[in-house]
Structure formats: C-alpha cells, structure tokens
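Reading the structure
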Amino acid sequence: MSLLLNESRGPTRGAFPLTRWTMVRRAVAQPQALEEWVGLYWYPLYVWARRRGASEADAADGVQSFLLRLCEKALLAQAEENRGRLRSWLLTAFGNHLASEAKSAGRKKRGGGVEHVAVDWAAVEAVCESHSAASPGGTPEQAYARAWALTLMDEALDRVEAHYRKTERAELFAALLPALEDAPDWEPQAQIAARMSMSAAAVRQAAQRLRQRYRRTLLDVAAQRLGMSGDARVGAEIRGMLGGGL
C-alpha cells in the first residue's frame, strides 16, 4: 500500500499526547493500557521468530508466553526511557525470553493463560507468509521492523474505515480503497461516479480526500506508537521501518 507521505498537507501538530514511554508507564500501572499495548505489538514478534526459523507452533507459544510475562509485569516494569527505542527494547526482551525458555525447556502450553490477545494463528501464518513472499530477503530484524510498520498502516486504515462507516459512507470507502493502493485494476472513476450518483470530478476529489485522511491518520498513529512528533521525522521513520531499519 502506498504510504502517501510525500503529498502536501496542512499544519503540523506540535506534539502528540501518548508517547511510547508514557504508554509503558501507564501499562505498568493500568491493566487496560497493558492490554492495548500488548494487542498492538505482538505480530512483529511472531514475524521475527518465524524468520529466525521457529516453527509456527514454537513462534506462537513463544509470543504467548512472552505476553503472559508482560501481563504479569515481570518484564514490562524493566522498561526504562534511557534504554532507547521501545521497538528495540521489546525485541531484545523477547529474544532474552526465548533464550530463557529454551534453556529451562519450560515452554508453556500454547496460549499460556494469556487472555489479552485472542489470536487465530492459522490466519496469522497466512499473513506472515504473504509478507515474506512480498519481501523474501533480509534479516529477521528487518522483517520485524517491516511488520511493525505494517501494523501501523493497518491501524490507520481501520481508523479511516471506521470514520467512513460512522459518516455512512462505507460504500464510498470500499469503492475508493484501491486509490490508496495504486491498484492498476481500480474501477474507472466514471463507473464509480455512475454507481454512486456522483460526478467524475466529485469522485476524484473524494479519492484525494481519502488519501489525505489516510496519510494524516497514519502519521498520527505512528507518532503515538513511536513516541515522535513532526511529520517529516515520523514519515522518515515509517519509510525506514518498511526498509527494514530498527
């Protein structure tokens, strides 16, 4: 999907209310915040484990048992702001967890009692394979960074779709969605216009507004989840993650 990060836009927000480290501190104190935090970031860990050669079952078990420890606060409370990027800290903590599990041979039963994230692992594996096919080379760490970026993009798209549904324009969203993906088989604008009782010019304007909303939402989501401010910096970070940079 096109990131749409090079288009002109309105004024930049100066700062965002929820940074990565305030989120960690809230999660330690508030279980609900922890559930949100865990729910957002488990997929890149699964991708990393699979790229390192773990089986589907071992990767799933490893992620679930790691999440259990996070939920018990044994690991999350160790997070410190001066340790650097949350993404890097999380990956290091996960790697240490897997190593400890392997040494003790104490792998928990799949799910490990974790109720915070209900996962359809077969569907996860299908998505993981599709991402691997789209980007077959690279290290596990690069796959992890790319997966993290893709989760941000998915969250942004979900928020945009929710907006269109709330404003009773779900059909328009579905028709214009290929405009975000630069899909070559996008239905001709004239056909969309006829079906939606709009002019071709109105369809073009609607597609442009969708691109702008998605881009704005993606930058806002990424700023929240990465603890950054400034559109240029956030956009560069997303592009770097898609390129596999930690």
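The structure displayed is predicted, hence computed values, not measured ones.

1. Things to note about the packing of helix α7 (residues 170-181) against helix α8 (residues 189-196)
The contact between α7 and α8 brings their axes to 11 Å, and the two run at 170°. Taken as axis vectors, α7 and α8 run roughly antiparallel relative to one another. Facing E171, L172, A175 and L176 of α7, the residues of α8 in contact are I192, R195 and M196. Tallied by class, residues from the contact of α7 with α8 come to 5 nonpolar, no polar and 2 charged.

2. A closer look at α8
The set of residues buried in α8 consists of I192, A193 and M196. The arc enclosing the buried residues of α8, seen along the axis, measures out at 100°, which places them on a common side. Set apart from the buried face of α8 by more than 90 degrees, the exposed residues are A190 and A194. Turning to α8, the residues buried within the fold contact α7 and α9 (200-226). Where α8 ends, the next residue or the one after it, S197, has phi of about 60°, a positive value.

3. Section: the environment of Y164
Mapping Y164 onto the fold places it in helix α6 (residues 140-166). Accessibility expressed as a relative area gives 3% for Y164, which makes it buried. Separated by 46 residues in sequence, Y164 and L210 have C-alpha atoms that sit 9.5 Å apart. Those residues within four positions of Y164 in sequence are excluded, and the remaining contacts are R169, A170, L172, F173, A206, R209, L210 and R213.

4. Quick notes on the pattern of salt bridges
Here the idea is simple: oppositely charged side chains can pair when their charged atoms come close. Across all of its chains, the model carries 8 salt bridges by this definition. Here R216 ties to D220 by a salt bridge, and the two come within 2.8 Å at their closest N and O atoms. Of this pair, R216 and D220 both sit in helix α9, separated by 4 residues, roughly a single helical turn. For the pair R216 and D220, a shared accessibility class is recorded, and that class is buried. The partner of R216 in a salt bridge is D231, with the nearest N and O atoms 2.9 Å apart. Remark: D231 occurs in helix α10 (residues 231-242) and R216 occurs in helix α9; sequence separation between them is 15 residues. Note on R216: relative accessible area 17%, which makes it buried. On the basis of relative accessibility, which here comes to 11%, the residue D231 falls in the buried class. One network of salt bridges, in which partners are shared, links E155, R159 and R225.

What counts and what doesn't
- Residues numbered from 1 in each chain as written.
- Predicted model: local features only at pLDDT ≥ 70, side-chain atom pairs only at ≥ 80, totals over all residues.
- Heavy atoms only, no water.
- Axes fitted to C-alpha atoms, helices over the stretch in contact; angles between N-to-C directions.
- Helix = DSSP H or I, 4+ residues; strand = E, 2+ residues; numbered from the N terminus.
- Parallel < 35°, antiparallel > 145°, perpendicular 65-115°, else oblique.
- Contact = heavy atoms within 4.5 Å.
- Nonpolar A, V, L, I, M, F, W, Y, C, P; charged D, E, K, R; others polar.
- Buried < 20%, exposed > 50% of the residue type's maximum accessible area, 1.4 Å probe, protein only.
- Arc of directions from axis to C-beta.
- Salt bridge = Lys/Arg side-chain N within 4 Å of Asp/Glu carboxyl O.

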